[in-house]
Amino acid sequence: MTDPHAPTSKFLSYILRHHPESIGITLDSQGWANIDTLLAQAAQHNRPISRAQLLEIVATNPKKRFTLSADGSQIRAAQGHSTAQVAIAHNPVAPPNTLYHGTATRFLDSIRSQGLIAGSRHHVHLSADIPTAQKVGQRHGKPIVLRINAAAMHAAGHAFYLSDNQVWLTDHVPAQYISEE
Ligand code: HQG
């Protein structure tokens, strides 16, 4: 079923991950935007969003893409940022032994030579299970799921982080830790 909030949710991702300046707001280094300011500036830029709709999106977004601050005055995207305003200080966490990365077959040659790189995002995104990775890969074309030896990477000193919405993040996955599922 289509999510009726999808267009507004996409707009919020655009603002809170990539281009806060497009409606004249700034994010702090942890990605937080003041909700009053965000709603006022969105309205000024002909994208009115009610507070009720924003709160409903936070609560019902299928991937829990947005997080509210403890006092409810601020909102941030859980992951996926590209804006240089944000560098979320995630706590490093020990990963499960195996993580997965869904991608498209057309990227394989490049991934085999360079490993997984973050590209425009701040991190490489990894999934805890194969079905999730499959869905991520489908967004790009003919999907393939790669198996990541996270235990060996962690033992070699690579840091892993878990976003607010349980996406595993790391800076780079060298090719030697990747196998085809
Ligand atoms: C690929 C969605 C060539 C990588 C999802 C991917 C996720 C390479 C693409 C989140 C490469 C980047 C992130 C290399 C990596 N050569 N291609 N060396 N290294 N790639 O969308 O991981 O809906 O930036 O395999 O559910 O697909 O945004 O990353 O195919 O959690 O909330 O480069 O985005 O969540 O694509 O997805 P993306 P992703 P949201």
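Scroll up to find the structure this text is about.
So, here is what we can say about the structure in this document. (Residues numbered from 1 in each chain as written. Predicted model: local features only at pLDDT ≥ 70, side-chain atom pairs only at ≥ 80, totals over all residues. Heavy atoms only, no water.)

1. As for the sheet that holds strand β4 (residues 98-104)
Okay, so step 1: An order of β4-β6-β9 is seen for the three strands of this open sheet, with the pairing classed as antiparallel. Both edges of this open sheet fall to β4 and β9 (178-180), since each of them pairs with a single strand only. Along the sheet, successive strands turn relative to each other by an average axial angle of 35 degrees, direction set aside.
Okay, so step 2: Contacting β4 and β6 (143-149), helix α5 (residues 130-138) crosses the sheet at an angle of about 25 degrees to β4. (Pairing = 2+ DSSP bridges. Helix = DSSP H or I, 4+ residues; strand = E, 2+ residues; numbered from the N terminus. Axes fitted to C-alpha atoms, helices over the stretch in contact; angles between N-to-C directions. Contact = heavy atoms within 4.5 Å.)

2. Remarks on the side chain of R17
Okay, so step 1: Assignment of secondary structure puts R17 in helix α1 (residues 6-18).
Okay, so step 2: As a buried residue without a salt bridge, R17 has its nearest oppositely charged side chain in D164, at a separation of 11 Å.
Okay, so step 3: Aside from chain neighbours lying at most four places away, what touches R17 is L12, R65, A77, Q79, G80, H81, S82, T83 and R121. (Buried < 20%, exposed > 50% of the residue type's maximum accessible area, 1.4 Å probe, protein only. Lys, Arg positive; Asp, Glu negative; His and termini not counted. Salt bridge = Lys/Arg side-chain N within 4 Å of Asp/Glu carboxyl O.)

3. Remarks on the nonpolar core
Okay, so step 1: Residues L16, L38, L54 and I75 are the most contacted members of the largest nonpolar core, which totals 21 residues.
Okay, so step 2: Elements that contribute at least two residues to this core include exactly α1, α2 (35-44), α3 (51-60) and β3 (74-77).
Okay, so step 3: Every residue in contact with L16, bar those within four places of it in the chain, is listed here: L27, A33, F66, I75, R76, A77 and H81.
Okay, so step 4: L108, W168, Y177 and I178 belong to the second largest nonpolar core, which has 16 residues in total. (Core = buried A, V, L, I, M, F, W, Y, C linked by side-chain atoms within 4.5 Å.)

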